[in-house]
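# Understanding the architecture of this molecule
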Amino acid sequence: MKKRIKMIFPVPMSEATRPLVESQLPASLMRPDIDVSFVGAGQVMTLADSYYDMALMELAVIEAGIKAEEEGYDAVCVNTVSDSGLSALRSRLSIPVLAPGIAAFHTACMLGQKFSILTMWPRWYPLYRKTIKEYGLESRLASIRSIDVRPDTEALLEGKEEVVFAKLLEAGRLAIEQDGADVIVLGSTTMHQSHAYLAQHLPVPVLNPGLIAYKMCEVLLDLGLCHSKIAYPSPEQNKDAAFSR
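Residues numbered from 1 in each chain as written. Predicted model: local features only at pLDDT ≥ 70, side-chain atom pairs only at ≥ 80, totals over all residues. Heavy atoms only, no water.

If you walk across this open sheet you meet the four strands as S6-S5-S7-S8, and the pairing is parallel. What marks the edges here is a single partner per strand, and that holds for strand S6 (141–146) and strand S8 (206–207). Here two bridges tie strand S7 (residues 183–186) to S8, and the two strands are oriented parallel to one another. Its bridge partner lying in S8, Ile184 is registered against Val206. Each of strand S5 (115–119), S7 and S8 is contacted by helix H4 (residues 100–111), which is oriented at about 170° to S7, the strand it contacts most. (Pairing = 2+ DSSP bridges. Helix = DSSP H or I, 4+ residues; strand = E, 2+ residues; numbered from the N terminus. Contact = heavy atoms within 4.5 Å. Axes fitted to C-alpha atoms, helices over the stretch in contact; angles between N-to-C directions.)

Below is the structure:
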């Protein structure tokens, strides 16, 4: 029987945006025994530009994750490097829950000594600082570098390749040469279109976080593993009524 993984994009997703988001998983790496569904979450479009937006994304992802288990999915993969809702869903659900930040940052630590996060704009810095601290990886972080370009949650990097790719490449080189990074992690799943270009032109591993999180979901399903319920205890009382479902 096929396994099913739900990929939760932390904002509503239009039909125009869907193929751009789905393209982060190359067909060559997909397995016939696993079905993947991408869904948008929440009612409002956010840019994660503030702690307020971060809270909205948490709520949206948690609600979508609860629905995924009710629908019979075998695993949930949060599709944002903010790892929105990850801990809450691990507490609430009995199926594996993964996210790009925790997966990519720890993979970076396996591949090198220091990693840098390459991101679109500095207003995302609090997202990374929060998770890096939670995961105890401050000593492994070389830097966070931004190209200071406002992200586009609809078109992603489509049509901006000529300018954005060059800026990302320069920031990546500075992270390696000046900050001591020996691995680069893309700071958003919406940046996946730049991965092949950067991987070709930078002399260190470049990690595509959404793809890594998805493949780690496959590993957990293959090995029959799930997060520890001692680390993420279930609530004594179900309070799903707090969500507007």
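Glancing now at the pairing of strand S1 (residues 3–9). Taken across its seven residues, S1 has five buried, putting it largely inside the fold. Across seven bridges, S1 lies against strand S2 (residues 34–40) in parallel orientation. Looking at the pairing, Lys3 lines up with Ile34 of S2. (Buried < 20%, exposed > 50% of the residue type's maximum accessible area, 1.4 Å probe, protein only.)

Considering the arrangement of structural elements, one finds Ser143 in strand S6. The class of Ser143 is buried, set by a relative accessible area of 11%. For Ser143, the side chain forms a polar contact with the side chain of Ser116, separated by 2.6 Å. Not counting residues up to four positions away in its chain, the partners in contact with Ser143 are Phe115, Ser116, Ile117, Ala175 and Asp179. (Polar contact = N/O pair within 3.5 Å; in protein donor to acceptor, adjacent residues only side chain to side chain.)

Once that is clear, we can look at the sheet that holds strand S3 (residues 75–78). Here we have four strands laid out as an open sheet, ordered S2-S1-S3-S4, and parallel in their pairing. Every other strand in the sheet has two partners, leaving S2 and strand S4 (97–98) as the edge strands with one partner each. Sheet analysis places S3 next to S4, joined by two bridges and oriented parallel. Residue Val76 lies in a different strand from S4, and its bridge partner there is Val97. Along the sheet, helix H8 (residues 209–223) makes contact with S1, S2, S3 and S4, crossing S1 at roughly 150°.

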